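# Summary of structural features
These are the residues of each chain, in order.
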Amino acid sequence: MAVLGIEGTAHTVGVGVVEADPDAPGRCRVLANVRDMVRPPRPESGEAAAGIHPREAAHHHAEVGPELVRRALDEAGLEAADLDGVAFSQGPGLGPCLRVAATMARALSLRHGVPLAGVNHCVAHLEIGTGLTGADDPLLLYASGANTQVIAHVRGRYRVFGETLDIGIGNGLDKFARDNGIPFPGGPRIEQEAARVGPEALHPLPYTVKGMDLCFAGTAIAAQRLVDRGVPFPEACYSLQETAFASLVEVAERALAHTRKQELLLGGGVACNARLQEMAREMAEARGASFHCPPRPVLVDNGAMIAWTGLLKLRAEGPTAVADSAVRPYERTDAVEVTWR
Ligand code: AMP
Ligand code: MG
C-alpha cells in the first residue's frame, strides 16, 4: 500500500510517498520526500527582515507544488494511478496554504480515482516518529515553528499535556533572529552562534512554566534586551536556547512521570537542534526511558509524515469524502479521534 502525502500548513510545501514496511508491523518506508520552502526576500541593509506572509506562501506552494508531486512520484517509481491514497494536511495552519495543499490532493484523488485522506499535521509529526524509530507508544515533545506541545496517546486520543500559551518556540527563535538581521529560518544560525560559547555565558532570562504550559515571547524579548545592552550576540543566543529548552524538557519530564510512558520522541523543526536533543536525551535516560529522534528530513514539515498518517487512517476508517475535506486552520491535536491505534 503506497500513499502520497502533501504537506502545506505554513512555510513549507512537501510531497512524500510512503509504504508500510512488510517486514515490521507499525513501521513505514519512505519512498520519496521532497520539499520546498518559501523564503521571504532578504532585507536591504538596515531594514528589518520580513516574516512569512500567508498569501505569498500559498502562491509559492501553488507554483512549485505540482512539480514536487511529479518529482516524488518519479523518485518512488510510481504513477499517480498506482497510489492507494492521497493524503493532505487538513489543519492546523495558515488558511491560504492549507487550501493549496487540499486542492492539489482533491485534484489528484478525483483525476486518478485514488482515495483521499485529510490528516492533522501535529498528529503526523508523532506518527512518522513511531513509523521510523523504535518508539511504539511515546510521549512526543513537538517543538516546531508555530507549534509547541507535549503529546501522548491516552484513551483514544493524542492528549496535550502541556503547550505554549503564546508563540511556538521556533517562532520565538525566528523572531529574535529576524530582529538581529538573520533571515528565516533563524533557529539553525542561533544554534551555531550559541555553540561558540559555554555555560559561563549564561545570562538569566525569564523562565516561564505555568502549570504544565509554556511561554516563549517574554524570554525572546528579554534576550533582545541583552543584545540591546551590549551583551555579545552568541551569549544572548546561548542564554535563549538554554532557558527555553530547559522549560520544554521540564514539562516533558513531568508529562513522562504523569503518563508513565517509557519512550520520549522528538518532533518538529526545532528538534533538529543538537543541544535540545542532548538535553532531552539526558532527561529521558536519567528516568530510564528510551530516547528517539527521527532524521532531519522528517523532523521539519514534510510530506512523508502526512502520507504515513494518511495510510494509517485510510486503513482504519477509509477515505475522507470531498464534502468533508474542507481545511481546518484551528484543528487541535486532541480533537482527532485516533482510530488506527
Ligand atoms: P517546522 O515548523 O517544524 O517545519 O520547523 C521550522 C522551525 O524549526 C523554524 O522555526 C526553524 O527556525 C526551526 N529550526 C530548524 N532547525 C533548527 C535548529 N537547528 N535549531 C533550532 N531551531 C531550528
Ligand atoms: Mg510542523
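Residues numbered from 1 in each chain as written. Chains lettered and ligands numbered in written order. Predicted model: local features only at pLDDT ≥ 70, side-chain atom pairs only at ≥ 80, totals over all residues. Heavy atoms only, no water.

## Structural notes on the coordination of the magnesium ion (ligand 2)
The magnesium ion (ligand 2) binds to the protein through His121 (NE2), His125 (NE2), Tyr142 (OH) and Asp301 (OD), with metal-donor distances spanning 2.2 to 2.7 Å. Counting the intervening residues between successive donors of the magnesium ion (ligand 2) yields the motif H-x3-H-x16-Y-x158-D. Highlighted residues: His121 and His125, both in helix H3 (residues 121-132), separated by four residues, approximately one helical turn. Among the residues examined, His121 registers a relative accessible area of 2% and is labelled buried. (Donors = N, O, S within 2.8 Å, 3.2 Å for Na, K, Ca; no water. Helix = DSSP H or I, 4+ residues; strand = E, 2+ residues; numbered from the N terminus. Buried < 20%, exposed > 50% of the residue type's maximum accessible area, 1.4 Å probe, protein only.)

## Observations regarding the nonpolar core
In globular proteins that are soluble, nonpolar side chains generally tend to be buried together. Leu139, Ile169, Phe176, Phe245, Leu248 and Leu264 are the most contacted members of the largest nonpolar core, which has 48 residues in total. If you list the elements that add at least two residues to this core, you get strand E6 (139-143), strand E7 (148-154), helix H4 (169-178), helix H5 (187-194), helix H6 (217-228), helix H7 (233-259), strand E11 (263-267) and helix H8 (274-286). By residue number, the principal contributor to this core is H7, which donates 13 residues. If you look at the next biggest cluster of nonpolar residues, it comprises 30 residues, including Ala80, Leu83, Met104 and Val114. (Core = buried A, V, L, I, M, F, W, Y, C linked by side-chain atoms within 4.5 Å.)

## Looking at the packing of aromatic side chains
One pass over the structure, following the stated rule, counts one aromatic pair. Measuring from ring centre to ring centre gives 5.6 Å for Phe176 and Phe233, while their planes differ by 15°; the resulting arrangement is stacked. Separated by 57 residues along the polypeptide, Phe176 in helix H4 and Phe233 in helix H7 bring together distant segments of the chain. What makes Phe176 buried here is its relative accessible area of 1%. (Phe/Tyr/Trp six-rings, centres within 6.5 Å; stacked < 30°, edge-to-face > 60°.)

## Focus on the domain arrangement of the chain
Entries for the chain in the domain assignment read domain 1 (2-127 + 298-335) and domain 2 (135-294). Between domain 1 and domain 2, the residue contacts involve 24 residues of the former and 26 residues of the latter. For the pair domain 1 and domain 2, the summed buried surface comes to about 2,100 Å²; carbon and sulfur atoms form 65% of the total. Broken down residue by residue, the surface that domain 1 buries against domain 2 is led by Leu126, Leu299 and Thr333, which jointly contribute 32%. Note that Glu163 is salt-bridged to Arg332, the shortest N-O span being 3.0 Å. Scanning the region where domain 1 abuts domain 2 turns up nine residue pairs in polar contact (both at pLDDT 80 or more). Put simply, the parts of the chain that give the side of domain 1 that touches domain 2 at least two residues each are H3 and helix H9 (296-299). The biggest single contributor to the side of domain 1 that touches domain 2 is H3, with six residues. Split by residue class, the side of domain 1 that touches domain 2 holds 13 nonpolar, five polar and six charged. (Domains from an automatic or database assignment. Contact = heavy atoms within 4.5 Å. Buried area = accessible area lost by both parts, 1.4 Å probe. Salt bridge = Lys/Arg side-chain N within 4 Å of Asp/Glu carboxyl O. Polar contact = N/O pair within 3.5 Å; in protein donor to acceptor, adjacent residues only side chain to side chain. Nonpolar A, V, L, I, M, F, W, Y, C, P; charged D, E, K, R; others polar.)

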